[in-house]
Amino acid sequence: MDESPPPPDVQSPPPPPPSHTGSPTDFLKGVVGKKVIVRLNSGVDYRGILSCLDGYMNIALEQTEEHVEGKITNRYGDAFIRGNNVLYISAAEEL
Amino acid sequence: MASQVLPLELIDKCIGSRIWVVMKSEREFTGTLLGFDDFVNMVLEDVTEYEITPQGTKKTKLAQTLLNGNNICMLVPGSDGEES
Amino acid sequence: MDVSSTGIQEPFDLIRLSLSERVFVKLRGDREMTGILHAYDGHMNLILSDVEETIMIVSEGEQQATVNVAKRKMDMLFVRGDGVILVSPPSRT
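Parameters and conventions
- Residues numbered from 1 in each chain as written.
- Chains lettered and ligands numbered in written order.
- Predicted model: local features only at pLDDT ≥ 70, side-chain atom pairs only at ≥ 80, totals over all residues.
- Heavy atoms only, no water.
- Helix = DSSP H or I, 4+ residues; strand = E, 2+ residues; numbered from the N terminus.
- Rg over C-alpha atoms; globule rule 2.2 N^0.38 Å.
- Buried < 20%, exposed > 50% of the residue type's maximum accessible area, 1.4 Å probe, protein only.
- Contact = heavy atoms within 4.5 Å.
- Lys, Arg positive; Asp, Glu negative; His and termini not counted.
- Charge placed at Lys NZ, Arg CZ, Asp CG, Glu CD.
- UniProt positions renumbered as here; feature names shortened; annotations may be inferred.
- Core = buried A, V, L, I, M, F, W, Y, C linked by side-chain atoms within 4.5 Å.

Some words on the overall build of chain B
Next, step 1: Within chain B, the secondary structure is distributed over one helix and six strands.
Next, step 2: In chain B, the order of α-helices and β-strands from amino to carboxyl end is α-β-β-β-β-β-β.
Next, step 3: In terms of overall dimensions, chain B is globule-like: its C-alpha atoms have a radius of gyration of 13 Å, near the 12 Å expected for 84 residues.
Next, step 4: Seen through its principal axes, chain B has C-alpha atoms that stretch 50 × 25 × 25 Å.
Next, step 5: Within chain B, the proportion of its 84 residues that are buried is 45%.
Next, step 6: For chain B, the share of sequence-separated contacts (at least 6 apart) that also reach a separation of at least 24 residues comes to 45%.
Next, step 7: Averaging the locations of the 7 positively and 13 negatively charged side chains of chain B gives two centres separated by 4 Å.

Section: the UniProt feature "domain: Sm" (unreviewed entry) in chain B
Next, step 1: According to UniProt, the feature "domain: Sm" (unreviewed entry) maps to residues 6–81 of chain B in the numbering used here.
Next, step 2: A distance of 24 Å separates the end C-alpha atoms of residues 6–81 of chain B, which is 9% helix and 58% strand.

Concerning the nonpolar core
The nonpolar side chains of a soluble globular protein tend to be buried, and buried together.
Next, step 1: Counting 26 residues, the largest nonpolar core has V38, Y46, I59, I81 and I89 of chain A as its most contacted members.
Next, step 2: Secondary structure elements with two or more residues in this core: α1 (24–31), β1 (35–40), β2 (45–53), β3 (59–68), β4 (71–81) and β5 (86–91) of chain A together with β5 (84–88) of chain C.
Next, step 3: Ignoring anything within four residues of it in the chain, the contact list for Y46 of chain A reads V36, I37, V38, L40, L61, T64, E65, E66, Y76 and I81 of chain A together with K26 and L86 of chain C.
Next, step 4: In this structure, I8, F12, M44 and V84 of chain C belong to the second largest nonpolar core, which totals 20 residues.

Here it is as structure tokens:
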């Protein structure tokens with residue numbers, strides 16, 4: 001048998017994606033500096049760039065828009081959001 | 001001696017699968033579980049949020065999302081909510 | 001950590017940098033106010049002076065809901081932290 005071996009890099013399994021364990025801490029590291037949607041328990045949304053946050057989920061946002069029922073109701077250059085009001089933080093751009 | 005499985009060990013086995021999250025209020029989420037912490041704050045991917053109101057259910061699609069564990073009521077592993 | 005233009009490393013830095021400035025505060029119960037920030041703590045308890053509070057009073061009419069805005073002024077105010085939703089400092093432009 002003198003069959004040539006298959007070309008090496010066709011169909012070889014792709015390397016596993018860069019390991020990110022997906023914990024909340026890892027998510028937050030990845031999302032700082034990115035556009036996010038912060039929804040409060042009241043249903044009000046804040047869209048802006050995530051400056052930073054702390055262990056209570058207190059959040060600092062830049063270029064913030066406040067959305068109530070789909071309409072912009074306010075704009076803030078910077079905003080501090082107290083963490084107890086936060087329902088979720090969602091990435092609004094590719095991570 | 002009952003085998004001791006901690007509740008969070010079960011949730012740990014759900015990482016990578018779909019999960020249905022029911023909040024204390026009339027709000028639910030489904031998504032792929034990427035991770036969680038001791039407070040059961042959860043990172044989900046390909047998320048749908050369901051807001052259940054008397055007028056009907058409002059659905060919102062979300063990308064990667066960190067859900068605050070504070071107001072979570074129940075978790076249903078391997079489920080895509082009532083739609084499935 | 002992105003500390004790009006702002007140089008803030010934790011959310012409370014935003015508040016610290018706003019001391020002696022006029023800030024906008026949004027509270028539970030549809031209350032909003034602006035005032036000069038004199039002091040704060042880790043609960044977000046606040047001391048504000050020269051405060052103008054705006055209270056939204058929504059009344060459901062036949063055709064549409066109307067919002068009446070009531071304002072009142074206070075010289076000096078303590079705000080309990082658990083009612084705070086949002087604090088916005090003056091724009092740093």
